[in-house]
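# Structural overview for review
Spelled out from the first residue to the last, the chains are:
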Amino acid sequence: ASHMLVDSIGFTVDGLALTHCVKFTAKDGRAQVYKGQKWDVRVVVDCTRPIVLPGETADAVIARERAELESVGITVINKADVLAAAKVASTVTA
């Protein structure tokens, strides 16, 4: 990144298992530091699915995972946010 002259690093995560792969990838990324700043990590929550154990509901698991991610500074967004940002970016560069 330093050869690209950027001041920060960020990435967006989605995938199948919110409660496992997605969460751990996001938390591992957030733990990284570049130029004294933690990486900016976003999770597209409605492009994931939680693993729901007996006695749980998907909504409860998603709420719990969202709270855990946000507590370490990870931004939880929806696909509509991604699409809106892409539309703005394409308008600016056109």
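Remember, predicted model here, so these are calculated numbers, not experimental data.

The rules behind each value
- Residues numbered from 1 in each chain as written.
- Predicted model: local features only at pLDDT ≥ 70, side-chain atom pairs only at ≥ 80, totals over all residues.
- Heavy atoms only, no water.
- Pairing = 2+ DSSP bridges.
- Helix = DSSP H or I, 4+ residues; strand = E, 2+ residues; numbered from the N terminus.
- Axes fitted to C-alpha atoms, helices over the stretch in contact; angles between N-to-C directions.
- Contact = heavy atoms within 4.5 Å.
- Core = buried A, V, L, I, M, F, W, Y, C linked by side-chain atoms within 4.5 Å.
- Buried < 20%, exposed > 50% of the residue type's maximum accessible area, 1.4 Å probe, protein only.

### Some details on the sheet that holds strand β1 (residues 10-13)
With respect to topology, three strands assemble into an open sheet ordered β1-β4-β5, the strand pairing being parallel. Sheet topology places β1 and β5 (75-77) at the edges, where each strand pairs with a single neighbour. Averaged over all pairs of adjacent strands, the angle between strand axes in this sheet comes to 25 degrees, irrespective of strand direction. With respect to the sheet, helix α1 (residues 18-30) is in contact with β1 and β4 (40-44), its orientation differing from that of β4 by roughly 165 degrees.

### A closer look at unusual backbone geometry
A positive phi angle is found at Lys35, which is not glycine, with a value near 50 degrees. Considering the arrangement of structural elements, one finds Lys35 in the loop between β2 (33-34) and β3 (37-38).

### Topic: the nonpolar core
Proteins that are soluble and globular tend to have nonpolar side chains buried together. Core analysis: the largest hydrophobic core is formed by ten residues, namely Val13, Leu18, Val22, Ala26, Val41, Val43, Val45, Leu69, Ile74 and Val76. If you list the elements that add at least two residues to this core, you get α1 and β4. No other element matches the three residues that α1 contributes to this core. What Leu18 contacts, discounting residues up to four positions off in sequence, is Lys23, Val43, Val45, Thr48, Arg49, Pro50, Ile62, Glu65 and Leu69.

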